Amino acid sequence: MNKKDQHKENYNPSLIESKWQKIWHDEKAFEPSKDFSKPKKYILSMFPYPSGAIHMGHVRNYCIGDVMARYYRIHGFNVLHPIGFDAFGMPAENAAIKHKIHPKTWTYSNMDIMLKELNAIGLSFSQNCVLETCDPLYSKYEQEFFIQAWKNNLVYRKKAFLNWCPNDLTVLANEQVVDGKCWRCDTEVVQKEMYQYYLKITDYAEELLKDLESLEGKWPQQVLSMQRNWIGKSEGLEFSFELDLESKNMLDDKITNLKVYTTRPDTLYGVSYCVVAPEHEIVSILIEKQLLSKDAIRNIDNIKNQSEKDRSMADKEGIELPVFLIHPLTNKKIPLWVSNFVLMSYGSGAVMSVPSHDERDFEFAKKYNLPFIPVICANGENDGINKANTEDGILFNSDIYSNLTSKEARKKIINFFEKNNIGKRTINYKLRDWGISRQRYWGTPIPLIHCEKCGIVEERNLPVTLPEDIEITGEGNPLEKHATWKYVKCPKCNADSIRETDTMDTFMESSWYFLHYTTPKELREKQAFCKDYLEYFMEVDEYIGGIEHAILHLLYARFFTKMLRDLKYINFNEPFSNLLTQGMVLKNGAKMSKSIGNIVEPSDIIKTYGADTARLFTLFAAPPTYALEWNDEGVKGCYKFICRLIDRKNRVIKTNVIPKIDTNNLTKDSKVARTKVYEALQKQQSIFAKKIDGYPFNVVIAACMEAHNAISSQDNDLVFTEGYFILLHILEGFIPHIASELSKELFDLSNFKPIQIDNRVFIKDEINYVVSVNGKKRGEILINPNLTQEEIINEAKRSVHKWITKDIKKEIYVKDKLVNFVL
């Protein structure tokens, strides 16, 4: 019988894993307790979209959280470790079109598949806390939050431009626009102005920014920086350029000035032109009055029909307008242009341009041969013509502000504008309000009704549920086209009215699911949150997910938490105490992808090697925050380690307590083995005591493997038993099925509780010193730890006396490590 067949005979992962999964399920082993006197831990991995079978990224993400949850349970914590599904969204509609299946059927089928596969990995999720965001009960509470936000002026409605397919008569998400065309019919996409609903996240911009300080040292610095940049706070000057008299007359005095904002008022004397967005009112008036050429209008329309994303990626394009502005400091005329790099949704839709001191303005001015006016000398350079000089420096060509530093000039120029009532110091944010309207079927309906008499009225009977008798073709919004669903009576006057047919952005659902998890299932019919459970379990202690969620999901979740606080649902400010962003799973240097053909199916690994091997490899191959490169040999190595654990179990003396070791008669190998075992335990405890950043579980696993080799290489069975008692305790989080199987057989699970470190094992009988002469190693000596420094140095001299051929100039002593003699 070869070794592989022998392993198969000794180790049947399928039998062991199904056995323990059934035990855990029957015993409800992973349900949080109602005992609020216990210390708690809320461990949460970002919930998945139910796309079908799980992938290795899921395995890694959820295994990281599972190690944490299992550790804290063993150590007496009341652990909430839930799972659910972010179940609404466009992929379900795409599947409905492709497979001629209802989105609900597709979604619930996928959720069943994924739950079974997640359970097959041995993840210690609470079965009682599972939620699906497409559940009408979940929608009810989300609609309630929306209505409360609407009543408190935290939601508003306004027109905005959306991607529109004129062939399918439908709004398209950005990802459905491919090279400017509809993904389904290849029709050129245009921008259509439609009403949208917005959440006022900008009201919370300063608080969102300030509260990042409380997350320092708890969230990755990269994520904090990304959120700060996204919020984009800046301080500057808001002022207006007057239009010249001729331009005012041309526009019938409908517009007399152009408001702009700048963070660099020190560059004001370098302004050589201004630019507006194609949607700006000045442009609309010029087109309406036929004051632009047909070519200019066509080019402007082309820009309008590009999404903001496409505009940002396109080359800078501009059209000169027959309008001139008056510089507020020099009184000189400045030309006005329209371009694709200015967005109407940001600020006033107009910018001043300083080509000598701004990269974007420089490129545009070069392309259209516009003037360059250098006004700042930075780093000894005052060129600003051959390249943009963007640094702070000393002003010149700036009238009375010449020879001032940029910082001094900014302050004085702003003071001048405020004193003369022609401008004001302003704080701006890049952050824009959150557009939550989606013209799709598979989402949470927005609970509003349009009545001709009463205006917009809130729904009174929640939840507003989706009609199931629909057909999704990809053409138009199924809710808009439904024969009966949108026709309702006004709750106020009982007149015939129209129900809102937009659904909510799916980021809404993922912005509060972590709060709803705290509500026990039996209480969810009556309330979104149970105050006692919510206040006990929140904040989330450890939140785990990909760096790709650094901005939108995490920012929206933080905002939603603050909004719900202000709506009196909760009483805390931040949702996630600690954040771990796990690395991607790669194969052959690339992210696993079906299109590349480098996918490794978790089900295949589980079938061949078992779930414990899959878990062990994903946790051992790299620290959680690093990218993990898939390696088939590494998987086999992890499988062999588990097999060795099983093969050598017969040396263990069965016991219900950790063995007491008489250290007086131990051999050197046995002492080393005990040290290795307790070093592994020490590393595990140090990680969870936050003495080591990033949860490097691979270090703990490596220490366990090393310790297992050490106890196997010595001949004391009590030391071996102690080693298994402790190693299986540590490994329960990594390979829970086999650790439970062996621990039940050998220790009746008595090792699944806190274990104290025996610090005596770290007291050495002898200490190894390296001895060097002039920095070159010449020998090693074993020293009794009780010797003095002088005695150790003398021993070292004797051991290398033949290399000491000159007088010793200096003796360097490093305790417990080395002695060096400088001749």
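Residues numbered from 1 in each chain as written. Predicted model: local features only at pLDDT ≥ 70, side-chain atom pairs only at ≥ 80, totals over all residues. Heavy atoms only, no water.

Counting secondary structure elements, the protein contains 26 helices and 34 strands. Dimensions of the protein, computed from C-alpha atoms along their principal axes, come out at roughly 105 × 80 × 50 Å. A buried classification covers 53% of the 823 residues belonging to the protein. Surface summary for the protein: the accessible area is close to 38300 Å², and the carbon and sulfur share equals 48%. Separation of charge centres in the protein, based on 108 positive and 110 negative side chains, amounts to 3 Å. (Helix = DSSP H or I, 4+ residues; strand = E, 2+ residues; numbered from the N terminus. Buried < 20%, exposed > 50% of the residue type's maximum accessible area, 1.4 Å probe, protein only. Areas by Shrake-Rupley, 256 points an atom, 1.4 Å probe, with all protein chains shown as cover. Lys, Arg positive; Asp, Glu negative; His and termini not counted. Charge placed at Lys NZ, Arg CZ, Asp CG, Glu CD.)

Glancing now at the sheet that holds strand E6 (residues 170-172). Strand order in the open sheet made by the 4 strands is E6-E5-E9-E19, with antiparallel pairing throughout. Each end of this open sheet is capped by a strand with a single partner; those strands are E6 and strand E19 (434-435). Sheet analysis places strand E5 (residues 155-165) next to strand E9 (residues 190-199), joined by 10 bridges and oriented antiparallel. Directly across from Leu162, in E9, lies its bridge partner Lys192. (Pairing = 2+ DSSP bridges.)

Attention now goes to helix H2 (residues 13-26). Between the first and last C-alpha of H2 there are 20 Å, a value that for 14 residues agrees with the 20 Å anticipated at 1.5 Å per step. Buried residues belonging to H2 abut helix H3 (56-74), helix H19 (602-609), helix H20 (611-620) and helix H25 (736-747). Residue Lys28 follows H2 closely and has a positive phi angle near 50 degrees. (Expected span 1.5 Å × (residues − 1). Contact = heavy atoms within 4.5 Å.)

Following both chains from N to C, one finds helix H22 (residues 668-688) and helix H23 (residues 697-712) inclined at 165 degrees, their axes separated by 8 Å at the closest point. Regarding the angle of H22 to H23, the classification is roughly antiparallel. When you trace H22 past H23, the crossing you get is left-handed. For the pair H22 and H23, contact is made by Ala673, Lys676, Val677, Ala680, Lys683, Gln684, Ile687 and Phe688 and by Phe697, Val699, Val700, Ala703, Cys704, Glu706, Ala707, Ala710 and Ile711, respectively. Split into classes, the residues belonging to the contact of H22 with H23 amount to 13 nonpolar, 1 polar and 3 charged. (Axes fitted to C-alpha atoms, helices over the stretch in contact; angles between N-to-C directions. Parallel < 35°, antiparallel > 145°, perpendicular 65-115°, else oblique. Left-handed = near helix turned anticlockwise from the far one by under 90°. Nonpolar A, V, L, I, M, F, W, Y, C, P; charged D, E, K, R; others polar.)

Okay, the layout of surface pockets next. Put simply, the second largest pocket is a space of about 730 Å³. Lining the second largest pocket are 23 residues, with Lys671, Ile763, Lys764, Asp765 and Glu766 sitting closest to its centre. Elements that contribute at least two residues to the lining of the second largest pocket include exactly H22 and strand E31 (767-773). Among the residues making up the lining of the second largest pocket, the classes are represented as 7 nonpolar, 5 polar and 11 charged. (1 Å grid on protein atoms, 1.4 Å probe; cavity = no way out; pocket = protein on both sides within 12 Å on 5 of 7 lines; lining within 4 Å. Points joined across faces, edges and corners; volume = space filled by probe spheres on them.)

Strand order across the open sheet formed by 4 strands is E22-E21-E24-E23, with antiparallel pairing between neighbours. Each edge of the open sheet carries a strand with a single partner, namely strand E22 (455-458) and strand E23 (487-489). For this sheet the average axis-to-axis angle between neighbouring strands, irrespective of direction, equals 40 degrees. Note: strand E21 (residues 448-451) against strand E24 (residues 496-499), 2 bridges, orientation antiparallel. Paired with Ile449 across the bridge in E24 is Arg499. Seen against the sheet, helix H6 (residues 136-151) touches E21 and E22 and runs at an angle of roughly 135 degrees to E22.

Note on placement: Ile97 falls in helix H4 (residues 90-99). Counting along the chain gives 125 residues from Ile97 to Gln222, while the straight-line C-alpha distance between them is 39 Å. Once you skip the residues sitting within four places of it in the chain, Ile97 turns out to touch Arg184, Ile472, Thr473 and Gly474.

Another point: empty space enclosed by the protein. To locate leftover empty space, one rolls a probe as large as a water molecule over the atoms. For the structure on display, the rule yields 2 cavities of 30 Å³ or more. In this structure, the largest cavity encloses a volume near 160 Å³. Lining the largest cavity are 18 residues; nearest its centre among them are Glu93, Thr170, Val171, Gln176 and Gly474. Among the elements that line the lining of the largest cavity, the one with the most residues is H4, at 4 residues. For the lining of the largest cavity, the class distribution of residues is 7 nonpolar, 7 polar and 4 charged. Estimates place the volume of the second largest cavity at around 60 Å³. Val67, Tyr71, Ile74, His75, Gln684, Phe688, His729, Ile730, Glu732, Gly733 and Phe734 are the residues that line the second largest cavity. At the level of elements, H3, H22 and helix H24 (717-731) are the ones that each hand at least two residues to the lining of the second largest cavity. For the lining of the second largest cavity, the element with the most residues is H3, which contributes 3 residues. Of the residues belonging to the lining of the second largest cavity, the class tally is 6 nonpolar, 4 polar and 1 charged.

Within this structure, the stated rule accounts for 53 aromatic pairs. With a centroid separation of 5.0 Å and an interplanar angle of 90 degrees, the aromatic rings of Phe36 and Tyr533 are classed as edge-to-face. Placement of Phe36 in the loop between H2 and strand E1 (40-45) and of Tyr533 in helix H17 (residues 531-537) is noted, with a sequence separation of 497 residues between them. Classification of Phe36 by relative accessible area gives partly exposed; the value is 30%. Linked through ring pairs, Tyr71, Tyr72, Phe77, Phe688, Tyr695, Phe697 and Phe734 together constitute an aromatic cluster. (Phe/Tyr/Trp six-rings, centres within 6.5 Å; stacked < 30°, edge-to-face > 60°.)

Once that is clear, we can look at the confidence of the model for the protein. When the pLDDT values of the protein are averaged, the result is 94; 99% of them are 70 or greater. Under a pLDDT of 50 for its full length, residues 1-6 has, in the predicted model, 2 contacts with residues more than four places off or in other chains. (pLDDT = per-residue confidence, 0-100.)

The subject of this paragraph is the side chain of Arg264. Tracing the backbone through its elements, the reader meets Arg264 in the loop between strand E11 (257-262) and strand E12 (273-276). Overall, Arg264 belongs to the buried group, its relative accessible area being 17%. One polar contact links the side chain of Arg264 to the main-chain carbonyl oxygen of Thr390, over a distance of 3.1 Å. With sequence-adjacent residues up to four places away left out, Arg264 is seen in contact with Met352, Ile376, Thr390, Glu391, Asp392, Ser406 and Arg410. (Polar contact = N/O pair within 3.5 Å; in protein donor to acceptor, adjacent residues only side chain to side chain.)

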